[in-house]
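# Secondary and tertiary structure notes
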Amino acid sequence: MARFGLLLLCAALLLPIAGASAQGQYVAFVFESGDSPAAALELEKQLQSRGAKITLLLSGAQETGSEQTKELGLLCPPGWNGLTRLQVARQLEQLRQSLPEKAKVRWVSPQGEYSDAVRQVAGAMGYSFLGPSKRARVEPGAVSLVNQIRSGDVIYMGRVNPATVALALEMMDILRSRGFQAVTVSELACRQRIHPAPGSYYNSFRRRQPA
């Protein structure tokens with residue numbers, strides 16, 4: 001009887017530990033704005049039902065949907081690499097002004113390598129650079145992709161279209177069953193206790209271990 005009581009005590013002590021292991025795990029899904037309004041609307045609806053969020057990269061003035069489900073970033077086209085610093089600053093400012101008035105934008109995501117001019121100007125304007133930890137593809141499928149993901153990863157989904165939306169939602173459901181939460185990139189950095197610096201490049205936000 002004493003042995004049985006000891007087993008129950010051990011089980012009670014282990015339960016909170018097992019539960020805690022599934023807490024505090026976060027990832028960020030990043031999309032580029034697409035040309036499928038139906039897919040964007042479906043994504044918006046499904047994010048709300050799941051309590052999930054994304055970061056959406058814009059290359060111009062576009063409909064962005066609810067602020068409750070996303071934050072906005074800027075997509076830096078390759079052509080900007082050939083611009084002068086003054087021209088880059090003007091392009092960034094024009095793009096920023098085309099966004100909703102309340103939108104706060106911290107991230108610039110370059111398509112490919114970016115020039116010193118783009119890096120220096122964007123940094124001076126307060127932006128940080130964003131890249132992917134993982135790039136999602138329709139193949140090999142959601143389960144295989146999720147098995148490679150760690151807390152703090154930035155998952156780059158590409159353009160919003162029916163295929164990328166369906167894949168992201170399936171990945172979110174699997175991750176949620178494993179104790180992960182999908183948040184914006186800025187929220188991910190905050191939850192991982194990382195403070196992004198303007199002009200610096202980030203492709204993941206894995207929590208630093210104490211020395």
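Look above for the structure.
Just so it is clear, the model here is predicted, and its values are computed rather than measured.

## Details of the overall build of the protein chain
Broken down by element type, the protein chain carries 7 helices and 9 strands. Across the 211 residues of the protein chain, 44% fall into the buried class. Looking at the protein chain alone, contacts between residues at least 24 apart form 69% of all its contacts between residues at least 6 apart. With the model as given, the accessible surface of the protein chain reaches about 11700 Å², and the carbon-plus-sulfur share is 54%.

## Focus: the packing of helix H2 (residues 37-50) against helix H6 (residues 162-177)
Remark: H2 packs on H6, axes separated minimally by 9 Å, with the N-to-C direction vectors making an angle of 10°. Taken together, the axes of H2 and H6 are roughly parallel relative to one another. Between H2 and H6, the residues in contact are Ala 39, Leu 43, Gln 46, Leu 47 and Arg 50 and Pro 162, Val 165, Leu 169, Met 172, Asp 173 and Arg 176, respectively. Residues of the contact of H2 with H6, tallied by class, amount to 7 nonpolar, 1 polar and 3 charged.

## A closer look at the nonpolar core
Grouped together as the largest cluster of nonpolar side chains are 43 residues, with contacts concentrated most on Phe 29, Leu 92, Ile 155, Met 157 and Met 171. Of all the elements, H6 adds the most residues to this core, at 8 residues. Setting aside residues no more than four positions away along its own chain, Met 171 makes contact with Phe 29, Ala 136, Ala 142, Leu 145, Val 146, Ile 149, Ile 155 and Met 157. Tyr 26, Ala 28, Val 30 and Ile 194 belong to the second largest nonpolar core, which has 16 residues in total.

## What to know about H6
With 16 residues, H6 extends 23 Å between its outermost C-alpha atoms, agreeing within 8% with the 22 Å of an ideal straight helix rising 1.5 Å per residue. Thr 164, Val 165, Leu 167, Ala 168, Leu 169, Met 171, Met 172, Ile 174 and Leu 175 are the residues of H6 that are buried. Buried residues along H6 sit in contact with strand S1 (25-32), H2, strand S2 (54-58), helix H5 (142-146), strand S7 (154-159) and strand S8 (180-183).

## Quick notes on the packing of aromatic side chains
The final tally for this structure, using the stated rule, is 3 aromatic pairs. Relative to Tyr 202, the ring of Trp 107 has its centre 6.2 Å away and its plane inclined at 85°; by these criteria the two rings are edge-to-face. A residue pair is termed long-range when its members are at least 10 positions apart, and Trp 107 in strand S4 (residues 107-110) and Tyr 202 in strand S9 (residues 201-202) qualify at 95 residues. Ring geometry for Tyr 202 against Phe 205: centres 5.5 Å apart, planes inclined by 15°, an arrangement best described as stacked. Each member of the aromatic cluster is reached from another via a ring pair, and the members are Trp 107, Tyr 202 and Phe 205. The positively charged end of Arg 135 is found above the aromatic ring belonging to Tyr 156, 4.8 Å away from the centroid.

## Thoughts on the side chain of Gln 192
Inspection of the secondary structure assignment puts Gln 192 in the loop between helix H7 (185-191) and S9. Excluding its chain neighbours within four sequence positions, the residues that come into contact with Gln 192 are Gly 24, Tyr 26, Ser 151, Gly 152, Phe 205, Arg 206 and Arg 207.

## A short note on the pattern of salt bridges
Enumeration over the complete set of coordinates arrives at 10 salt bridges. Note that Asp 173 and Arg 176 form a salt bridge whose closest N and O atoms lie 3.5 Å from each other. Note that Asp 173 and Arg 176 are positioned in helix H6 at a spacing of 3 residues, about one turn of the helix. Under the relative-accessibility criterion, Arg 176 is labelled partly exposed at 45%. One network of salt bridges, with partners in common, ties together Arg 50, Asp 173 and Arg 176.

## Looking at the packing of helix H3 (residues 85-97) against helix H4 (residues 116-124)
Packed helices, taken two at a time, are described by the angle their axes make and the gap between the axes. Put simply, H3 and H4 touch, their axes get as near as 9 Å, and they point 50° apart. Taken together, H3 and H4 sit at an angle that is classed as oblique. As H3 packs across H4, the resulting crossing turns out to be right-handed. For the pair formed by H3 and H4, the contact residues are Arg 85, Val 88, Ala 89 and Leu 92 on the first element and Asp 116, Ala 117, Val 118, Gln 120, Val 121 and Ala 122 on the second. Looking at the contact of H3 with H4 residue by residue, the class counts come to 7 nonpolar, 1 polar and 2 charged.

Rules and cut-offs
- Residues numbered from 1 in each chain as written.
- Predicted model: local features only at pLDDT ≥ 70, side-chain atom pairs only at ≥ 80, totals over all residues.
- Heavy atoms only, no water.
- Helix = DSSP H or I, 4+ residues; strand = E, 2+ residues; numbered from the N terminus.
- Buried < 20%, exposed > 50% of the residue type's maximum accessible area, 1.4 Å probe, protein only.
- Contact = heavy atoms within 4.5 Å.
- Areas by Shrake-Rupley, 256 points an atom, 1.4 Å probe, with all protein chains shown as cover.
- Axes fitted to C-alpha atoms, helices over the stretch in contact; angles between N-to-C directions.
- Parallel < 35°, antiparallel > 145°, perpendicular 65-115°, else oblique.
- Nonpolar A, V, L, I, M, F, W, Y, C, P; charged D, E, K, R; others polar.
- Core = buried A, V, L, I, M, F, W, Y, C linked by side-chain atoms within 4.5 Å.
- Expected span 1.5 Å × (residues − 1).
- Phe/Tyr/Trp six-rings, centres within 6.5 Å; stacked < 30°, edge-to-face > 60°.
- Lys NZ or Arg CZ within 6 Å of the ring centre and 35° of its normal.
- Salt bridge = Lys/Arg side-chain N within 4 Å of Asp/Glu carboxyl O.
- Left-handed = near helix turned anticlockwise from the far one by under 90°.

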